[in-house]
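# Geometric and topological summary
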Amino acid sequence: MNSADTEIVKSLLRKEHNLVESPDEADLVFLNTCSVRDNAERKIHERIIHLRQYRRNRKNMFVGILGCMAERLRERLVGERDMVRLVVGPDEYRKLPELIEEAARENKSGIAVELSTVETYEDIEPLRTDGISAFISIMRGCNNFCSYCVVPYTRGRERSRTAQTVIDETARLVAQGFREISLLGQNVNSYKSSDGFDFPELLVRLAENHPEIRFRFTTSHPKDFGEKLIDAMASHANICKHLHLPVQSGSSRLLELMNRRYTAEQYIAKIDLLRSKIPNIALSTDIIAGYPGETEDDHRATLELMKTVKYDGAFMFKYSPREGTKSYKIGDTVSDEEKIRRLNEIIDLQQNIAFEKNQLEIGKIHSVMVENVSRRSEADWKGRTDTNKKVVFPVPADMAIAEGDVFNVKILSAGSTTLKGEMCD
Ligand code: SAH
Ligand code: SF4
């Protein structure tokens, strides 16, 4: 989401400003920030300290903080380390040219952190610079108020772009040569446009307009993930067979405390329905270890759910208390040591499950879209299956190959995160 927002900011600034690649050359450096966990914020404070060194050559250089931290910390950020002079929240990027102008001219600071109920930036064409894969934000904000999560406070209420602007932007991206499009929203299932589309309808329209383009989306909330979306995925070959469906915990008691509005049993029933219609679907998830009040039994329930579902991948976090959220008031009841132990158990189990699942890929042929040369060897290229698995395979030196090309690749071996294979007909 932040990468997509950065492309919007670049687009808004490029007319009046020169965008440079390195802080060495910059008079102003923007950091687009995330507040979802404490360590994401800590990295930004460290980065501000790190940026001071560039002052040696450019005495007037300063920093602007964009995104969720700007929204959460507001004036508390202004002046940090004598570096921060602009603080601009996620719905105020249109003001940036004016704020920069004032800050530079009058040597003062600027802050803009109003949240909007309507801003979607749908008329701004993001400045995308590389690759064959493009993000399109189809909605902004979140109304779900999961008890642990700061996003509804930092990104405001849910609002959807009109389907027509998404359909038009997709057509332009295809004409520019993009081969894969990822639709983004905090909860794409809540997408509802003023021109009458829900999310499955939008996805089907895009997939049918561009049968040669791969479509992905993230994130789906399990409480309103349903049959209409499953049927859309099942009936269109170019809607990728991968679903990210964050479960957070395998304990229904905890899920209720988290305000997720589904039980572990309901979640598993949705997975069963999904697999009955799309047997080879790859699944990934998010899991939080050590939520306030989590007992050893709750933790075990999470491990059991992981064994039942067998995810292909997972983002796993220890609980991080966020000021202003409902669970912040309960307090951080699981010790850090215990959280780390539980998190490590979750990570170890997931690695074993992913490794075992990937062994089942050996001998199968996948259609792989090429992304770039492998970092380890010039002779190898890297790409992804439509189930979002990374595949590395050798390409003959005399063969012309480009990002976005699609090849059939037979899988020969597999680790927990990467498959290795060879090209075949
Ligand atoms: N809208 C998406 C997720 C956005 S945040 C969704 O609901 O799936 C991405 C992930 O960060 C969440 O799924 C959750 O697992 C994790 N997360 C959010 N707040 C957290 C917190 N306070 N501590 C630890 N992890 C958190
Ligand atoms: Fe946060 Fe829940 Fe909204 Fe996701 S759905 S952004 S976890 S409040």
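Here the structure is shown first, and the text comes after it.
Structure report, in brief. (Residues numbered from 1 in each chain as written. Chains lettered and ligands numbered in written order. Predicted model: local features only at pLDDT ≥ 70, side-chain atom pairs only at ≥ 80, totals over all residues. Heavy atoms only, no water.)

### So, the sheet that holds strand β12 (residues 313–318)
The three strands lie next to each other as β10-β11-β12, forming an open sheet whose pairing is parallel. Strands with a single pairing partner mark the edges of an open sheet, and in this sheet they are β10 (242–244) and β12. Taking the axes of each pair of neighbouring strands and ignoring which way they run, one obtains an average angle of 10 degrees across the sheet. In this structure, strand β11 (residues 282–289) lies alongside β12, joined through six bridges in parallel fashion. Paired with T285 across the bridge in β12 is A314. With respect to the sheet, helix α13 (residues 336–359) is in contact with β11 and β12, its orientation differing from that of β12 by roughly 175 degrees. (Pairing = 2+ DSSP bridges. Helix = DSSP H or I, 4+ residues; strand = E, 2+ residues; numbered from the N terminus. Axes fitted to C-alpha atoms, helices over the stretch in contact; angles between N-to-C directions. Contact = heavy atoms within 4.5 Å.)

### Examining the packing of helix α10 (residues 264–277) against helix α11 (residues 296–309)
Packing of α10 against α11 brings their axes to within 11 Å, and their N-to-C directions diverge by 10 degrees. Of the possible angle classes, the one that applies to α10 and α11 is roughly parallel. Of the residues in α11, those touching α10 at A264, Y267, I268, I271 and R275 are L305, T308 and V309. Taken together, the residues that form the contact of α10 with α11 break down as six nonpolar, one polar and one charged. (Parallel < 35°, antiparallel > 145°, perpendicular 65-115°, else oblique. Nonpolar A, V, L, I, M, F, W, Y, C, P; charged D, E, K, R; others polar.)

### Some thoughts on the site of ligand 2
Taken together, C142, N144, F145, C146, Y148, C149, V151, P152, Q186, H221 and R260 make up the full set of residues adjacent to ligand 2. Per-class residue counts for the shell around ligand 2 are seven nonpolar, three polar and one charged. (Near = heavy atom within 4 Å.)

### Looking at the site of ligand 1
For ligand 1, the set of nearby residues contains 15 residues, the closest of which are R37, Q186, Q248, D286 and S320. Taking R37, its side chain carries an N or O atom lying 2.8 Å from an oxygen atom of ligand 1. Protein chains bury 90% of the 540 Å² of accessible surface belonging to ligand 1 in isolation. Elements supplying a minimum of two residues to the shell around ligand 1: β11 and β12. Looking at the shell around ligand 1, its residues break down into six nonpolar, four polar and five charged. (Polar contact = N/O pair within 3.5 Å; in protein donor to acceptor, adjacent residues only side chain to side chain. Areas by Shrake-Rupley, 256 points an atom, 1.4 Å probe, with all protein chains shown as cover.)

### Quick word on the packing of aromatic side chains
Within this structure, the stated rule accounts for seven aromatic pairs. Between the aromatic rings of Y148 and Y291, the centroid separation amounts to 6.3 Å while the plane-to-plane angle is 85 degrees, which identifies the pairing as edge-to-face. Of the two residues, Y148 is situated in the loop between β6 (139–140) and α5 (151–155) and Y291 in the loop between β11 and α11; the sequence distance between them amounts to 143 residues. Neither residue differs from the other here; Y148 and Y291 are each classed as buried. When the ring of F199 is compared with that of F217, the centres are 5.2 Å apart and the planes differ by 70 degrees; the resulting orientation is edge-to-face. In this pair, F199 sits in helix α7 (residues 199–209) while F217 sits in strand β9 (residues 214–218), placing the two residues 18 residues apart along the sequence. According to the relative accessible area criterion, F199 is buried, its value standing at 1%. Residue classification places F217 among the buried positions, given a relative accessible area of 8%. Taken together, the ring pairs connect Y148, Y291 and Y319 into an aromatic cluster. (Phe/Tyr/Trp six-rings, centres within 6.5 Å; stacked < 30°, edge-to-face > 60°. Buried < 20%, exposed > 50% of the residue type's maximum accessible area, 1.4 Å probe, protein only.)

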